[in-house]
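Summary of structural features
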Amino acid sequence: MAICKDVSSSFFSSSSSSSLPFHGATDPSSGFMPTPAPEAKSSAALRIHSEAEKRRRDRINAHLSTLRRMIPDSSKMDKASLLGRVIEQVKCLKRKASEISRESTVPREVNEVSVKCSINHNLKHKSSSHDDDVYIEASVCCEDRPHLFAELSEAFQNMRLKTVKAEVTSFGGRVHNVFTLCLEMGNESVNLSSFKEAITQALDTIASRDIKPSSTFLSKRRRC
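Parameters and conventions
- Residues numbered from 1 in each chain as written.
- Predicted model: local features only at pLDDT ≥ 70, side-chain atom pairs only at ≥ 80, totals over all residues.
- Heavy atoms only, no water.
- UniProt positions renumbered as here; feature names shortened; annotations may be inferred.
- Helix = DSSP H or I, 4+ residues; strand = E, 2+ residues; numbered from the N terminus.
- Buried < 20%, exposed > 50% of the residue type's maximum accessible area, 1.4 Å probe, protein only.
- Contact = heavy atoms within 4.5 Å.
- Areas by Shrake-Rupley, 256 points an atom, 1.4 Å probe, with all protein chains shown as cover.
- Salt bridge = Lys/Arg side-chain N within 4 Å of Asp/Glu carboxyl O.
- pLDDT = per-residue confidence, 0-100.
- Phe/Tyr/Trp six-rings, centres within 6.5 Å; stacked < 30°, edge-to-face > 60°.
- Polar contact = N/O pair within 3.5 Å; in protein donor to acceptor, adjacent residues only side chain to side chain.
- Arc of directions from axis to C-beta.
- Pairing = 2+ DSSP bridges.

As recorded in an unreviewed UniProt entry, the chain goes by the name Transcription factor bHLH51, listed as coming from Canna indica. Database annotation for the chain, UniProt heading Sequence similarities (unreviewed entry): "Belongs to the bHLH protein family." UniProt annotates the chain under Subcellular location (unreviewed entry) with the comment "Nucleus".

**Quick word on the overall build of the chain**
On a plain count of helices and strands, the chain comes out with six helices and six strands. Helices (α) and strands (β) of the chain occur, in sequence order from the N terminus, as α-β-β-α-α-β-β-α-β-β-α-α. Among the 224 residues that make up the chain, the fraction classed as buried is 21%. Within the chain, residue pairs in contact and separated by at least 24 positions form 58% of the contacts whose partners lie at least 6 positions apart. Of the roughly 16,500 Å² that the chain leaves accessible, carbon and sulfur atoms contribute 55%.

**A closer look at the pattern of salt bridges**
Scanning the model with the defined rule gives seven salt bridges in all. A salt bridge links Lys 165 to Glu 167; its shortest N-O distance comes to 3.1 Å. For Lys 165, a relative accessible area of 32% gives the class partly exposed. We classify Glu 167 as partly exposed; its relative accessible area is 35%. If you follow the salt bridges from partner to partner, you end up with Arg 145, Glu 151 and Arg 209 in one network.

**Here we look at the confidence of the model for the chain**
In regions of low pLDDT, the predicted coordinates are not meant to be interpreted in detail. Mean pLDDT for the chain: 76, with 68% of residues reaching 70 or above. A low-confidence stretch, residues 121-130 (pLDDT under 50), is modelled with 16 contacts involving residues beyond four sequence positions or located in other chains. In this model residues 213-224 is a low-confidence stretch, pLDDT under 50, and it forms 11 contacts with partners more than four residues away in sequence or in other chains.

**Comments concerning the packing of aromatic side chains**
Tallied over the full model, the rule gives two aromatic pairs. With a centroid separation of 5.0 Å and 70 degrees between ring planes, the pair formed by Phe 156 and Phe 179 is classed as edge-to-face. Highlighted residues: Phe 156 in helix H4 (residues 148-158) and Phe 179 in strand S6 (residues 174-183), separated in sequence by 23 residues. Across this residue pair, the class does not change: Phe 156 and Phe 179 are buried. In textbook terms, an aromatic cluster arises when at least three aromatic residues are bridged by ring pairs, as seen for Phe 149, Phe 156 and Phe 179.

**Here's the deal with the side chain of Arg 145**
Its place among the elements puts Arg 145 in the loop between strand S4 (134-143) and H4. Looking at Arg 145, its side chain comes within polar contact range of the side chain of Glu 151, at 2.8 Å. Of the polar contacts made by the side chain of Arg 145, one reaches the backbone oxygen of Ile 206; its length is 2.7 Å.

**Some details on H4**
The set of residues buried in H4 consists of Leu 148, Leu 152, Ala 155 and Phe 156. An end-on view of H4 places all buried positions within 100 degrees of arc, on one side of the element. Every exposed residue of H4 that faces more than 90 degrees away from the buried side is listed here: Gln 157 and Asn 158. Against S4, strand S5 (162-171), S6 and helix H5 (192-207) lie the buried residues of H4. Immediately beyond the C-terminal end of H4, within one or two residues, lies Arg 160, with a positive phi of roughly 60 degrees.

**Notes on the pairing of S4**
When you tally the buried positions in S4, you get eight out of 10 residues, the bulk of the element. Of the pairings in the sheet, the one linking strand S3 (residues 112-119) to S4 comprises eight bridges and is antiparallel in character. Residue pairing across strands places Lys 116 opposite Glu 137, the latter belonging to S4. With 10 bridges joining them, S4 and S6 adopt antiparallel strand pairing.

Below, the structure is given as structure tokens:
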């Protein structure tokens, strides 16, 4: 009996003195995997966070280096000054892009009508000797379709407008028409505001006119 007592005491003493790095079941036959101690979890999380921060700083520094190569005389600038210079450059580029977009005759994706009227406008294409003639610059951007130009010409004729100059740009099934028109007044007078509104409404109607699905032109364009 004394021998059994000593063995049991030795077994429990050995089990209690051993330090386990994991919590939970450690017997592989139990079907459970050992879980790391809280200290190990905290250390792993800190290491992952530190590595992520280092990668983030490396990306930022790489982008800043790229900006320094793109911006003249920026090698000695601090980060704040460099970013300020970049903002100025971006604003300048946006202004230039906006100016180019306004001057471009490439058709846009939306229908647009613009009408400008003036009296005695100094145009090199001026063909009338009247000093009080009304000159109109009309721009129409819409879907291209057969007879569109004929419809616009008919609308101008109905308003007694003479076409002085016409520019047409077609791309991707859309068209941008820019007209310089003249209304020979003689001894008559006209309300420019009302006249401009009438032209705008007429052109809006033509630009927004739907193309019939049976149109051969539309079918060919869609197949492309």
